[in-house]
Amino acid sequence: MAKEIIDGQTMTRALTRITYEIIERNKGIEDLVLVGIKTRGVFVAHRIESRLKQLENISIPVGELDITPYRDDVSADEKEKDVHEFKAEPLDFDVTNKHVILTDDVLYTGRTIRAAMDALMKSGRPKKISLAVLVDRGHRELPIRADFVGKNIPTSQREKIKVSMKEIDGEDKVEIE
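Structural notes, computed from the coordinates. Keep in mind that this is a model prediction, so the values were computed, not measured.

### Focus on the sheet that holds strand β2 (residues 32-37)
- If you walk across this open sheet you meet the five strands as β3-β2-β4-β5-β6, and the pairing is parallel. For this open sheet the edge positions go to β3 (62-65) and β6 (148-152), each flanked by a neighbour on one side alone. Ignoring which end each strand starts from, the neighbouring axes of this sheet average 25° apart.
- As defined by bridge partners, β2 adjoins β3 across four bridges and the pair is classed as parallel. In the sheet register, V35 faces β3, and the bridge partner there is G63.

Here it is, written out as structure tokens:
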């Protein structure tokens, strides 16, 4: 049974708060780029960029990162078998000496973020990497924490967080199952 814990309006407020925090902590947005982790992290990045455009009247680059080839939950046999399928697409801009803000919908064990950092380093050497997530649910397996969090939602490991976004799901909401 799913229980809605964030509705569309609350999601918008959380992303707006993250945007303000990004502006404040960076004293502006020069050398800033957003990189969304596919799939929903990309939509989070685009929404933050849109809000930055409204607030600061400046457009910043937004990239999409496919971390599939960098995941550690794929066995060596599968990686070898699918080596031709796992071709990481490069970002369409250089991240060298940029402040990269990685975005994702849910932060859980930290393994997705570790894979994203590996993928990001293939595109250059950022000056700094920060992390913005819509939901932090705890249960880290790696020493990774978010710099910008929309909402902390403590969960048990048996529970699941389901993020729905208008762009692909038709509505904005976060549910706990």
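### A short note on helix α1 (residues 8-25)
- Its 18 residues give α1 an end-to-end C-alpha distance of 26 Å, which sits within 8% of 26 Å, the value for a rise of 1.5 Å per residue.
- Along α1, the residues that are buried comprise M11, A14, L15, T16, I18, T19, I22 and I23.
- Measuring from the side-chain oxygen of the N-cap residue of α1 to the backbone nitrogen of Q9 gives 3.3 Å; that N-cap residue is D7.
- Two residues or fewer after α1 comes K27, characterised by a positive phi angle close to 45°.

The rules behind each value
- Residues numbered from 1 in each chain as written.
- Predicted model: local features only at pLDDT ≥ 70, side-chain atom pairs only at ≥ 80, totals over all residues.
- Heavy atoms only, no water.
- Pairing = 2+ DSSP bridges.
- Helix = DSSP H or I, 4+ residues; strand = E, 2+ residues; numbered from the N terminus.
- Axes fitted to C-alpha atoms, helices over the stretch in contact; angles between N-to-C directions.
- Expected span 1.5 Å × (residues − 1).
- Buried < 20%, exposed > 50% of the residue type's maximum accessible area, 1.4 Å probe, protein only.
- Polar contact = N/O pair within 3.5 Å; in protein donor to acceptor, adjacent residues only side chain to side chain.

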